[in-house]
Amino acid sequence: MSKVLEIKALEAGYGPLRVLHGIDLSVEPGERVGILGLNGHGKTTMLRAIVDLVDWKQGDILFEGESIMRQPTHVLARRGIVLLPQGDALFPGLSVKDNLDAGAYPSGQWKKRQQRRDYVCEIFPRLGERLDQIVGTLSGGERRMCSIGRGLMSEARLYLVDEPSLGLGPGIAKGICETLLTLDLQGGALLIAEQNRALIEGKIDRALRMHGGELTPVTGEDGDH
Amino acid sequence: MTGVIVTTVNLTAIYALVALGISLTWAGLGFLNLSAGVMYAASAYGAWLVSTNITSNVVVVLLGGIVVGAAFGALICLTVFLPLDGKPNWELRTLTATLALSFIATNLYLWKFGPQFKQFEPLFGWIPQLRLGDTLVKSSVTGTLIATAIVVTIVLVYIGTSRIGLGVRALTQSVEGASLVGIDRRTTAFAILGVSGAFIGLAAVLLGQTFFVEPNSGYVPLIKGLIVALLGGLGSLRGAVIAAFMVALTEALTLQYFGGAWTLVTLFILISVVLIIRPRGVAGVLETTRA
């Protein structure tokens, strides 16, 4: 079985700014990988580079054995790479139901949307109670649930989760991380960037640290939070 | 007073159609379509050709205008949106391109159809005139309202329930969010411009019942549509409908009490007042519009 994700000597950035200075990473099927590190060191940029949301990138990114360097975001989404971004990127004027259904937009998934929506509402019963509510009127925690729920609406091969705890109270943050890290990946993989190491510790297969645009393995007594 | 109401409702329908066409394109794709006027004229000519050469059946003629409008939308997608999408100076270049398309199209109409005025056969003659109090409601007014209601309902249901419709609505809310769930902005652009064109095409056939068709006949609807769309808060569909009503009511009242010569004056007073109080238009505060 080929690797789900393989990143080779990836450099990426915005305008003249180079954020990633040559990243190498490979992720096996079924693996949950945590990316630790402080703000501003490139965690978000790495995840966004994978789905082509940076200004420029060079090196190579392989998804299930095939280079995806030249594929646009929407094509990658259809192939099963789901980014749960910082700031949620929801559709604020649409209802919770429409936001969730949008997650099943790829044509193969659209027919299963009802079934997937039930599944998401089982994970987040709060969303089930608020299907007709406009997303812009939800609380921060509910919006995060909606954003993650939207990501779970399609059968993804690779989840890229960017700081799921950001801006949330400790209780909700813990619950959301736990939900994400106990998902049945069905041979896919999950990459989670998180500043708060305690939230994901013990639930991931291995952790790496992003520092100054470079990835290094995390050893036991690493000085991170 | 009944007369004012009838005129208001009639004009609201037509202005709302044009403004919805302009506003939807802005909300979904982020450019101001200055070729909405020639889109209008193309639809009017299309419907006129259908009614003089094929049949004067009302449904066929209306569909003729709608289809030509939607096809013109696809043309704008091919010649303006796709080549310029993602390029620097997007706002300015799309304005220039749609303006250029307007000049080219106007001259093509002049070359092909000549400067003469074309007149439609009345489409709604079969609808009996209604008497509301002391006002006679012309069949064309009743027909306009019925046709607008039917077409707008069909489009709203389509946008509200279909997969492509969800793509359109998602795009008006967040471009990045849309791409993250697999919505292709470039394919959805055809749907957005097609629907915009269909609205404007319908408006063209309906107004063609009252006004002649000639190469420049799209410019006044373009300006009115832009005014209504801006007044409503560019990008807001609800705002466009509310603003269409405000403009229509102002025009109807002016016609009734001051005479036709004053409509532009009162219209500009209305715009000034509204934009001084709410610089982002009627719905600019209710909904987030694209900056």
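Just so it is clear, the model here is predicted, and its values are computed rather than measured.

### Side note on the overall build of chain A
For step 1, the next point in the chain: Within chain A, the regular secondary structure consists of nine helices and 10 strands.
For step 2, the next point in the chain: A globule of 225 residues ought to have a C-alpha radius of gyration of about 17 Å, and chain A, at 17 Å, matches this closely.
For step 3, the next point in the chain: Overall, chain A is about 45 × 35 × 35 Å in size when its C-alpha atoms are taken along their principal axes.
For step 4, the next point in the chain: For chain A, with 225 residues in total, the buried portion stands at 48%.
For step 5, the next point in the chain: In chain A, once contacts between residues fewer than 6 apart in sequence are set aside, the share between residues at least 24 apart is 69%.

### Some remarks on the overall build of chain B
For step 1, the next point in the chain: When helices and strands are tallied, chain B shows 11 helices and two strands.
For step 2, the next point in the chain: Secondary structure elements of chain B, listed N to C terminal, follow the sequence α-α-α-α-β-β-α-α-α-α-α-α-α.
For step 3, the next point in the chain: In terms of overall size, chain B behaves like a compact globule, its C-alpha atoms giving a radius of gyration of 19 Å where 291 residues would be expected to give roughly 19 Å.
For step 4, the next point in the chain: Each of the three principal axes of chain B carries a C-alpha extent, and together these read 55 × 50 × 35 Å.
For step 5, the next point in the chain: When burial is assessed residue by residue, chain B has 51% of its 291 residues classed as buried.

### Some thoughts on the pairing of strand E9 (residues 206–211) of chain A
All names here are of chain A.
For step 1, the next point in the chain: Judged from the four bridges that link them, strand E3 (residues 32–36) and E9 form a sheet pairing that is parallel. Paired with leucine 36 across the bridge in E9 is arginine 209.
For step 2, the next point in the chain: Here E9 folds back onto strand E10 (residues 214–217), and the loop between the two strands holds two residues, one of which, glycine 212, carries a positive phi near 55°.

### Points about the sheet that holds strand E1 (residues 5–14) of chain A
Residue and element names in this part refer to chain A.
For step 1, the next point in the chain: Here four strands make up an open sheet; going across it, the order is E2-E1-E4-E5 and the pairing antiparallel. Strand pairing shows two members of the sheet lacking a second neighbour, strand E2 (17–27) and strand E5 (66–67), which therefore form its edges.
For step 2, the next point in the chain: In the sheet, E1 pairs with strand E4 (residues 56–63) via seven bridges, with the strands oriented antiparallel. From the neighbouring strand, glutamate 11 faces E4, where its bridge partner is glutamine 58.
For step 3, the next point in the chain: On the sheet, helix H1 (residues 43–50) packs against E1, E2 and E4 and is oriented at approximately 70° with respect to E2.

### Topic: the confidence of the model for chain B
Close reading of the predicted structure is inappropriate where its pLDDT is low.
All names here are of chain B.
For step 1, the next point in the chain: For chain B, per-residue confidence averages 91 on the pLDDT scale, and 97% of positions sit at 70 or higher.
For step 2, the next point in the chain: Within chain B, the lowest mean pLDDT, 83, falls on strand E1 (residues 130–132), and the highest, 96, falls on helix H3 (residues 58–84).
For step 3, the next point in the chain: Scored below 50 in pLDDT, residues 285–291 shows 14 contacts in the model against residues more than four places distant or in partner chains.

### A word on the interface of chain B and chain A
For step 1, the next point in the chain: Across the boundary between the two partners, chain B contributes 17 residues, which contact 21 residues of chain A.
For step 2, the next point in the chain: A total of six residues in the side of chain B that touches chain A trace back to one element, the largest contributor, which is helix H6 (residues 163–173) of chain B.
For step 3, the next point in the chain: The residue inventory of the side of chain B that touches chain A, partitioned by class, reads five nonpolar, seven polar and five charged.

### Looking at helix H1 (residues 2–29) of chain B
Residue and element names in this part refer to chain B.
For step 1, the next point in the chain: Between its terminal C-alpha atoms H1 stretches 40 Å, which fits the 40 Å expected from 28 residues at 1.5 Å a residue.
For step 2, the next point in the chain: Taking burial as the measure, the 28 residues of H1 include 22 buried ones, the bulk of the element.
For step 3, the next point in the chain: Glycine 30 lies just past H1 and shows a positive phi near 75°.

### Here we look at the packing of H1(B) against helix H5 (residues 139–161) of chain B
Residues and elements named next belong to chain B.
For step 1, the next point in the chain: Two elements in contact, H1 and H5, have axes whose closest approach is 10 Å; the angle formed by their N-to-C orientations is 40°. Comparing the axis directions of H1 and H5 gives the class oblique. Relative to H5, the crossing made by H1 is left-handed. Two secondary-structure elements touch here, H1 through Val6, Val9, Asn10, Ala13, Ile14 and Leu17 and H5 through Val141, Thr144, Leu145 and Thr148.

### Describing the sheet that holds E10(A)
All names here are of chain A.
For step 1, the next point in the chain: If you trace the six strands from one edge of the open sheet to the other, you get E6-E7-E8-E3-E9-E10, paired in mixed fashion. Edge positions in the sheet fall to strand E6 (81–84) and E10, since each has one partner strand and no second. Across the sheet, the axes of successive neighbouring strands diverge by a mean angle of 20°, strand direction being ignored.

### Description of the packing of H3(B) against helix H8 (residues 185–207) of chain B
All names here are of chain B.
For step 1, the next point in the chain: For the pair H3 and H8, interaxial distance at closest approach is 6 Å and the crossing angle is 140°. On the basis of the axis angle, H3 is oblique to H8. Relative to H8, H3 is oriented so that their crossing is right-handed.
For step 2, the next point in the chain: The residue inventory of the contact of H3 with H8, partitioned by class, reads 19 nonpolar, seven polar and one charged.

### Here's the deal with the pairing of E6(A)
Residue and element names in this part refer to chain A.
For step 1, the next point in the chain: Every second residue of E6 is oriented toward a common face, with Ile81 and Leu83 on one face and Val82 and Leu84 on the other, all of them buried.
For step 2, the next point in the chain: The pairing of E6 with strand E7 (residues 158–162) spans four bridges and is classified as parallel. Across the sheet, residue isoleucine 81 finds its bridge partner in E7, namely leucine 158.

### Some remarks on the nonpolar core
Taken as a class, soluble globular proteins show a tendency for nonpolar side chains to be buried jointly.
For step 1, the next point in the chain: Ranked by internal contacts, the top residues of the largest apolar core, which has 158 residues, are A:Leu160, B:Ala19, B:Leu202, B:Ala203 and B:Ala244.
For step 2, the next point in the chain: In this structure, B:Ala19 is in contact with B:Gly225, B:Val228, B:Ala229, B:Gly232, B:Ala240, B:Ala243 and B:Ala244, ignoring residues within four places of it in sequence.

### Focus on unusual backbone geometry
For step 1, the next point in the chain: With a phi close to 50°, A:Glu64 is a non-glycine residue in the positive phi region.
For step 2, the next point in the chain: When you line up the elements, A:Glu64 lands in the loop between E4 and E5.
For step 3, the next point in the chain: The phi angle at B:Asn89 is positive, at roughly 60°, despite the residue not being glycine.

### Points about the environment of A:Val19
Residues and elements named next belong to chain A.
For step 1, the next point in the chain: By secondary structure assignment, the location of valine 19 is in strand E2.
For step 2, the next point in the chain: Along the chain, valine 19 and methionine 153 lie 134 residues apart, while their C-alpha atoms are 31 Å from each other.
For step 3, the next point in the chain: If we ignore the near neighbours within four places in the chain, the residues touching valine 19 are Ala12, Gly13, Tyr14, Gly42, Thr45 and Gly213.

### Points about the confidence of the model for chain A
For step 1, the next point in the chain: The pLDDT averaged across chain A works out to 91; a share of 96% of its residues lies at or above 70.
For step 2, the next point in the chain: Taken element by element, chain A is modelled with least confidence in helix H9 (residues 197–200) of chain A, mean pLDDT 87, and with most confidence in helix H3 (residues 96–102) of chain A, mean pLDDT 96.

### A short note on the environment of B:Val80
All names here are of chain B.
For step 1, the next point in the chain: Tracing the chain through its elements places valine 80 in helix H3.
For step 2, the next point in the chain: Since 25 C-beta atoms lie within 10 Å of it, valine 80 is described here as buried.
For step 3, the next point in the chain: It is 8.9 Å that separates the C-alpha atoms of valine 80 and arginine 93, two residues lying 13 residues apart in sequence.
For step 4, the next point in the chain: For valine 80, the residues in contact, after removing those within four places along its chain, are Thr94, Ala97, Thr98 and Leu101.

Conventions and cut-offs
Residues numbered from 1 in each chain as written. Chains lettered and ligands numbered in written order. Predicted model: local features only at pLDDT ≥ 70, side-chain atom pairs only at ≥ 80, totals over all residues. Helix = DSSP H or I, 4+ residues; strand = E, 2+ residues; numbered from the N terminus. Rg over C-alpha atoms; globule rule 2.2 N^0.38 Å. Buried ≥ 20, exposed ≤ 12 C-beta atoms within 10 Å, placed from the backbone. Contact = placed C-beta atoms within 7 Å. Pairing = 2+ DSSP bridges. Axes fitted to C-alpha atoms, helices over the stretch in contact; angles between N-to-C directions. pLDDT = per-residue confidence, 0-100. Nonpolar A, V, L, I, M, F, W, Y, C, P; charged D, E, K, R; others polar. Expected span 1.5 Å × (residues − 1). Parallel < 35°, antiparallel > 145°, perpendicular 65-115°, else oblique. Left-handed = near helix turned anticlockwise from the far one by under 90°. Core = buried A, V, L, I, M, F, W, Y, C linked by C-beta atoms within 7 Å.

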